[in-house]
Amino acid sequence: IVRHAIAVPRGTRGVPDEKRPLTPEGKARFKRAARGIATLLEPPDVLLTSPWLRARETAALLAKAWGGIEPVEEAALAGGTFQEQAAALDRHRRCAAVAIVGHEPYLSALLARLIGARDGRRLELKKGGIALVELPGRLADGGALRLYLGPGTLRKL
């Protein structure tokens, strides 16, 4: 689970939320964080991303760090319910590893649900941060948190 990198602020005049791009600083920082992610984790079988611009740009940087995997857009990652996200992700359950790039508060809510936590606000990912959850079966059955790192730690790797 990857939160998009630093983007143009919400409410920027003339820029709808779904079209907010990454800032130059956000791109530069996440390129380094993506190299850290690629050092820690093998490329996934599939890289799913929200169709919103900042998530797609983050996924593209991550894909490049992993050696060119092609990101696939998934509408449910732009703010779908847990059931919509679970249905979308369960379509890929035959894959050994699925990476997703999306937005808060949806990612922390998804993460909380996956690991059986009561409050997703305590699990809010920083921009460019990651969480790794091991799922033995379907998404709805939950799993175990294996890794939770902020972007600063990833950049140091």
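Conventions we followed
Residues numbered from 1 in each chain as written. Predicted model: local features only at pLDDT ≥ 70, side-chain atom pairs only at ≥ 80, totals over all residues. Heavy atoms only, no water. Buried < 20%, exposed > 50% of the residue type's maximum accessible area, 1.4 Å probe, protein only. Helix = DSSP H or I, 4+ residues; strand = E, 2+ residues; numbered from the N terminus. Pairing = 2+ DSSP bridges. Right-handed = clockwise from strand over helix to strand, strands pointing away. Contact = heavy atoms within 4.5 Å. Polar contact = N/O pair within 3.5 Å; in protein donor to acceptor, adjacent residues only side chain to side chain. Salt bridge = Lys/Arg side-chain N within 4 Å of Asp/Glu carboxyl O. Axes fitted to C-alpha atoms, helices over the stretch in contact; angles between N-to-C directions. Parallel < 35°, antiparallel > 145°, perpendicular 65-115°, else oblique. Nonpolar A, V, L, I, M, F, W, Y, C, P; charged D, E, K, R; others polar. Core = buried A, V, L, I, M, F, W, Y, C linked by side-chain atoms within 4.5 Å. Expected span 1.5 Å × (residues − 1).

**Student:** So what exactly am I meant to see when it comes to the pairing of strand S2 (residues 46–49) here?
**Tutor:** On a regular strand, one side chain projects to one face of the sheet and the next to the other, so that they alternate. Every second residue of S2 is oriented toward a common face, with Val46 and Leu48 on one face and Leu47 and Thr49 on the other, all of them buried. Pairing of S2 with strand S4 (residues 98–102), which is carried by four bridges, proceeds in the parallel orientation. For Leu47, the partnering residue across the bridge sits in S4 and is Ala99. Pairing of S2 with strand S3 (residues 71–73) involves three bridges; the strand directions are parallel. What sits directly across from Thr49, in S3, is Glu73. Regarding the hand of the β-α-β motif, the stretch spanning S2, helix H2 (residues 53–65) and S3 is right-handed.

**Student:** Looking at this model, I keep getting lost on the environment of Ala55. Mind explaining?
**Tutor:** By the element assignment, Ala55 lies in helix H2. In the structure, Ala55 is positioned 47 residues away from Gly102 in sequence and 5.7 Å away in space, judged by C-alpha atoms.

**Student:** Hey, could you run me through the environment of Glu57 in this one?
**Tutor:** Examined against the element boundaries, Glu57 turns out to sit in helix H2. With 15 residues separating them in the primary sequence, Glu57 and Glu42 have C-alpha atoms 20 Å apart. Those residues in contact with Glu57 that lie beyond four places of it in its chain are Pro21, Leu22 and Lys27. A polar side-chain atom of Glu57 sits 2.7 Å from the main-chain amide nitrogen of Leu22.

**Student:** Just checking my understanding: could you explain the pattern of salt bridges for this structure?
**Tutor:** Two side chains carrying opposite charge are able to pair once their charged atoms lie near each other. Under the definition given, this model contains seven salt bridges. A salt bridge links Glu25 to Arg29; the shortest N-O distance between them is 3.0 Å. With Glu25 and Arg29 both in helix H1 (residues 24–40), this residue pair falls four residues apart, about one helical turn. The partner of Glu134 in a salt bridge is Arg146, with the nearest N and O atoms 2.7 Å apart. Within this pair, whereas Glu134 is found in strand S5 (residues 130–134), its partner Arg146 is found in strand S6 (residues 144–149), the two being separated by 12 residues in sequence. Taken together, the shared-partner salt bridges in this structure form one network comprising Asp17, Arg20 and Arg54.

**Student:** In this structure, what is going on with the packing of helix H3 (residues 82–90) against helix H4 (residues 106–115)? I would like to understand it.
**Tutor:** Relative placement of two packed helices is described by the angle separating their axes and the distance separating the axes. Closest axis-to-axis distance for the H3/H4 pair is 11 Å, and the angle between their directions is 75°. When the axes of H3 and H4 are compared, the pair comes out roughly perpendicular. Facing H3, whose interface residues are Phe82, Gln83, Gln85 and Leu89, H4 presents Tyr106, Leu110, Arg113 and Leu114. Class assignment for the residues of the contact of H3 with H4 results in five nonpolar, two polar and one charged.

**Student:** Teacher, can you tell me more about the nonpolar core here?
**Tutor:** One recurring pattern in soluble globular proteins is that nonpolar side chains are buried together. Membership of the largest hydrophobic core comes to 21 residues, with the highest contact counts inside it found for Phe30, Ile37, Leu47, Leu62 and Trp66. Every residue in contact with Trp66, bar those within four places of it in the chain, is listed here: Ile37, Ala38, Leu41, Glu42, Pro43, Pro44, Leu47 and Ala99. Core analysis: the second largest hydrophobic core is formed by 18 residues, Ile1, Leu48, Leu77 and Leu111 among them.

**Student:** Is there a simple way to think about H2 in this case?
**Tutor:** With 13 residues, H2 ought to run about 18 Å at 1.5 Å a step, and its terminal C-alpha atoms sit 19 Å apart, in line with that. Every buried residue of H2 is accounted for by Arg54, Ala55, Thr58, Ala59, Leu61, Leu62 and Ala63. Just downstream of H2, Gly67 is the residue with a positive phi angle, here 100°.

**Student:** Could you clarify how one ought to interpret unusual backbone geometry in this entry?
**Tutor:** Most of the time, phi is negative for any residue but glycine, and the peptide bond is trans. Residue Pro105 is reached from Glu104 by a cis peptide bond, and omega for that bond is 5°. Among the secondary structure elements, Pro105 is positioned in the loop between S4 and H4.

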